[in-house]
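In case you want the letters, here they are:
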There are 2 protein chains.
Amino acid sequence: MSQDTPRPDSRASRSVTLQDIAAHAGVSRSTVSLVLRESPLVAEDTRRRVQRSIKALGYVYNRGAAALRGRRTATLGVVVYDIANPFFGAMVAGIDAALNREGYVSFLANSEDSPARQQRFLERMREHRVDGILLCPAQGTDPRLIDTLASWQIPCIQVLRHIGEPPFDYAGTDFRRGVGLAIDHLVAQGHERIAFLGGHIEHSATRERWQGYREALARHGLAYQRLLRSDVTRRAGFALIPVLMAESPAPTAVVCHNDLVAFGALLGLKRLGRVPGRDCAVIGTDDLEEAALGDPALTSIATHPHAVGEEAARLALRRIGNPDGARELVVLSPRLQVRDSCGAHASTLESPVTTT
Amino acid sequence: MSQDTPRPDSRASRSVTLQDIAAHAGVSRSTVSLVLRESPLVAEDTRRRVQRSIKALGYVYNRGAAALRGRRTATLGVVVYDIANPFFGAMVAGIDAALNREGYVSFLANSEDSPARQQRFLERMREHRVDGILLCPAQGTDPRLIDTLASWQIPCIQVLRHIGEPPFDYAGTDFRRGVGLAIDHLVAQGHERIAFLGGHIEHSATRERWQGYREALARHGLAYQRLLRSDVTRRAGFALIPVLMAESPAPTAVVCHNDLVAFGALLGLKRLGRVPGRDCAVIGTDDLEEAALGDPALTSIATHPHAVGEEAARLALRRIGNPDGARELVVLSPRLQVRDSCGAHASTLESPVTTT
DNA sequence: TCTACGATTTGGATCAATCCAAAAACAAAC
DNA sequence: GTTTGTTTTTGGATTGATCCAAATCGTAGA
């Protein structure tokens, strides 16, 4: 009756712990812990009895407490620089799918290509003791960041872009080869003046594309070379096309840094009254879903963002399991998805239903 | 010299703890803890001395340990059903921006519209003791899920879609009003046969749009009513246009569930040899970045995903601070972004530079 | 000089799990 | 009936912070 003696299970309802389960099942804390972690040590009978108690008491595993004593948190940090870009959306979906299978969850941050924001997030991840980090480094990231992360003892997998040179863990697409494929195709179609559109200098993914561009031209013995740097947005593609087309000689084909630039280029050509695919071939990179549904449908170098995400996540899990193993580079091969914008097909409006 | 006496600070390098800082600064653990949490209790001198020690020893705050004793983890769970959709990308960016300011980080999961996947993730979030959850419920989610979350004592903010009826916390856009705006505009242009394209029955966001559609027709005294259900993809928009146009009388304008459906509809019209905006007006919903850059540029009901994300995150933080406060609905007003696809402008190719 | 009172500081208990070495239970062999 | 050898099970220490009631320090007032 006394109001100043709080009953042990009063309203604040202390949550059910291992201890409670242990008491209920008539075993020790340790045994319950072993059951939860599916240890083969416990006898079958005991295991079942404990599991019944777990269910009966509505126990909820406390991963925070487990992480404090154990070493793993079963969490990962993921940093991208533009989550609103559907390319990264697909990549994150791939990461999510791979992690989900292993019981991992991930913190996501959007760096907006700001090294400062990126840094803040990484420090926060360290405080949260994530088991690993997937990093698409922001433009202008200090190359020593990788060493810093190593000194923090947190495995880091770079994705799509990388800073510095190997050895480090990396998952991405072979952009060099992708651009090569596109140019091979254009040359086979008879093109001799092929321009490349878009990209900044700051990171590896641009350099690889440009390298692929120059190598392919050299391979085919083409003299014409025109590389325009720019943002990697629709707007930039749109704005640069008039510049390019006013030159003489003008290119007959344009390979673009990504599909966004390519969409802009298509629009730019139409604006000039030219028919993309007939008057000038356009090839994008990424093969976003909307590439197939453009007008004309866009030929694109498919870079498989979902698969890249999955590979990156798997690589992270491998590295967490074996921190001292040799660094790995997982580089997927791109595929050229030929559609109308490069003039290979008749330049008709393609049904989206037939192009999956 | 003896090799079997491990030095206390040998290779495994036990991490620096509050205790170490306390020893170094000549104060107690508790005082260091107060400094870390910026308590006004500690004297200015002490505070500075402790902070010097923190820097000197390279201390890293252990949020896991803090969360075990304290009650907050400074983490949030975010569930969306299609992260590859740029709309959700923008929304997640908004969430990220708002949380970042408050030192919170978020777990992200992609339910792929599967209630089972969603459920698994929510359970994992519970084990991780997140402070709150932002949920875009998957199609077919059991309405009792909200009660379950409440019984788990985890604040849940529904975003964009909701299951069941208020009271609950919710952040979204006024879809009903948005569709109303679109139809007002079309009616002002002289349209009398306006169709609505896309959406399933399962969730609130579709019902609201349809309600807006019917109400607006009634308000203007229009007899013609045609509502086609479908997936909310480009493909569906493309496929339904021929069906709609073959009817007699055919509509002169189409309002679409989202921009993806609208893009499909534009393509479908072109496929039929009709000029979108002249032969049939098309209005989308969301106002994605690519809407301005289509051909023709798409008129769209802007639903401001970034702002919705920010509002949702802010609401979550408010609810965490005050779990027993009255539930809140934050409903943003949409805006009609008029471009060429509804025939209001001359149907010329619009420069993307002028339409931000 | 002593007492009060506010401003600081402190140590022990606590949060909920895992680790680990040792104990207990059981079975087979001598 | 021991002895030996596996399986299982266990309790105490540990992880790194916060909470909280009590101790300490200063200093103004009696």
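Conventions adopted
Residues numbered from 1 in each chain as written. Chains lettered and ligands numbered in written order. Predicted model: local features only at pLDDT ≥ 70, side-chain atom pairs only at ≥ 80, totals over all residues. Heavy atoms only, no water. Helix = DSSP H or I, 4+ residues; strand = E, 2+ residues; numbered from the N terminus. Rg over C-alpha atoms; globule rule 2.2 N^0.38 Å. Buried < 20%, exposed > 50% of the residue type's maximum accessible area, 1.4 Å probe, protein only. Contact = heavy atoms within 4.5 Å. Areas by Shrake-Rupley, 256 points an atom, 1.4 Å probe, with all protein chains shown as cover. Lys, Arg positive; Asp, Glu negative; His and termini not counted. Charge placed at Lys NZ, Arg CZ, Asp CG, Glu CD. Near = heavy atom within 4 Å. Polar contact = N/O pair within 3.5 Å; in protein donor to acceptor, adjacent residues only side chain to side chain. Buried area = accessible area lost by both parts, 1.4 Å probe. Salt bridge = Lys/Arg side-chain N within 4 Å of Asp/Glu carboxyl O. Nonpolar A, V, L, I, M, F, W, Y, C, P; charged D, E, K, R; others polar. 1 Å grid on protein atoms, 1.4 Å probe; cavity = no way out; pocket = protein on both sides within 12 Å on 5 of 7 lines; lining within 4 Å. Points joined across faces, edges and corners; volume = space filled by probe spheres on them.

**Student:** Let's hear about the overall build of chain A: which residues, and what values?
**Tutor:** Counting its secondary structure elements, chain A contains twelve helices and twelve strands. Scaling as 2.2 N^0.38, a compact globule of 356 residues should have a C-alpha radius of gyration of about 21 Å, whereas chain A reaches 27 Å, well beyond that. Dimensions of chain A, computed from the C-alpha atoms along their principal axes, are close to 95 × 45 × 45 Å. For chain A, with 356 residues in total, the buried portion stands at 54%. Across chain A, the fraction of contacts at a sequence separation of at least 24, relative to all contacts at a separation of at least 6, is 69%. When the accessible area of chain A is evaluated, it comes to approximately 15800 Å², of which 50% is carbon and sulfur surface. Separation of charge centres in chain A, based on 43 positive and 39 negative side chains, amounts to 5 Å.

**Student:** Account for the protein's contact with DNA strand D, naming residues and giving values.
**Tutor:** Taken together, 27 residues are adjacent to DNA strand D, and A:T46, A:R69, B:S33, B:R37 and B:Y59 come closest. Here a base oxygen of DNA strand D sits 2.9 Å away from a polar atom, N or O, in the side chain of A:R29. At 2.5 Å from a base oxygen of DNA strand D is found a side-chain nitrogen or oxygen belonging to A:R69. Those elements that place two or more of their residues in the surface near DNA strand D are α2 (29–36) and α4 (63–69) of chain A together with α2 (29–36) and α4 (63–69) of chain B. Sorting elements by how many residues they give to the surface near DNA strand D places α4(B) first, with four residues.

**Student:** Run through the side chain of B:T303, naming residues and quoting values.
**Tutor:** Residue and element names in this part refer to chain B. Among the secondary structure elements, T303 is positioned in the loop between β10 (299–302) and α12 (305–321). Side-chain polar atoms of T303 contact the side chain of D286, separated by 3.1 Å. Those residues in contact with T303 that lie beyond four places of it in its chain are F87, T173, F175, T285, D286 and V308.

**Student:** Explain the interface of chain A and chain B to me, using residue names and the numbers behind them.
**Tutor:** Often, the extent of an interface is quoted as the loss of accessible area upon association of its parts. Taken residue by residue, the interface counts 56 residues in chain A and 56 residues in chain B. Of the roughly 5200 Å² buried at the junction of chain A and chain B (both faces included), carbon and sulfur atoms supply 55%. One can count six salt bridges joining chain A with chain B. A:R63 is the salt-bridge partner of B:E127, the closest N and O atoms lying 2.7 Å from each other. Linking chain A with chain B are twelve residue pairs in polar contact (both at pLDDT 80 or more), by the criterion used here. Looking at the side of chain A that touches chain B, the elements that each hand over two or more residues are α4, α5 (86–101), β2 (105–110), α6 (115–127), α10 (234–245) and α11 (259–271) of chain A. Per element, the largest residue contribution to the side of chain A that touches chain B is eight residues, and it comes from α5(A).

**Student:** Can you tell me about the protein's contact with DNA strand C, naming the residues and giving the values?
**Tutor:** Surrounding DNA strand C, one finds 26 residues, the nearest of these being A:S33, A:Y59, B:S30, B:T46 and B:R69. With respect to DNA strand C, the backbone of B:S28 contributes an N or O atom lying 2.8 Å from a phosphate oxygen. B:S30 has a polar side-chain atom sitting 2.5 Å from a base oxygen of DNA strand C. At the level of secondary structure, the elements contributing two or more residues to the surface near DNA strand C comprise α2 and α4 of chain A together with α2 and α4 of chain B. Taken together, the residues of the surface near DNA strand C sort by class into eleven nonpolar, ten polar and five charged.

**Student:** Let's hear about empty space enclosed by the protein: which residues, and what values?
**Tutor:** Considering all chains together, one arrives at four cavities of 30 Å³ or more under this definition. By volume, the largest cavity amounts to about 420 Å³. A:L293, A:G294, A:D295, B:G294 and B:D295 are the residues nearest the centre of the largest cavity, which is lined by 20 residues in total. Secondary-structure elements contributing two or more residues to the lining of the largest cavity are α11 of chain A together with α11 (259–271) of chain B. Tallied by class, residues from the lining of the largest cavity come to eight nonpolar, four polar and eight charged.

**Student:** Before we move on, could you go through the pattern of salt bridges and cite the residues and values that matter?
**Tutor:** All names here are of chain A. One pass over the structure, following the stated rule, counts 36 salt bridges over all chains. One salt bridge connects R101 with E310, and the closest N-O pair in it is separated by 2.6 Å. Separated by 209 residues along the polypeptide, R101 in helix α5 and E310 in helix α12 (residues 305–321) bring together distant segments of the chain. R101 gets classed as exposed once you look at its relative accessible area, which sits at 51%. A salt bridge links R327 to D169, with the nearest nitrogen and oxygen atoms 3.7 Å apart. One end of the pair, R327, is in the loop between α12 and β11 (329–332); the other, D169, is in strand β5 (residues 169–173), and 158 residues separate them in sequence. Salt bridges sharing partners connect three or more residues here, namely E44, R47 and R48.

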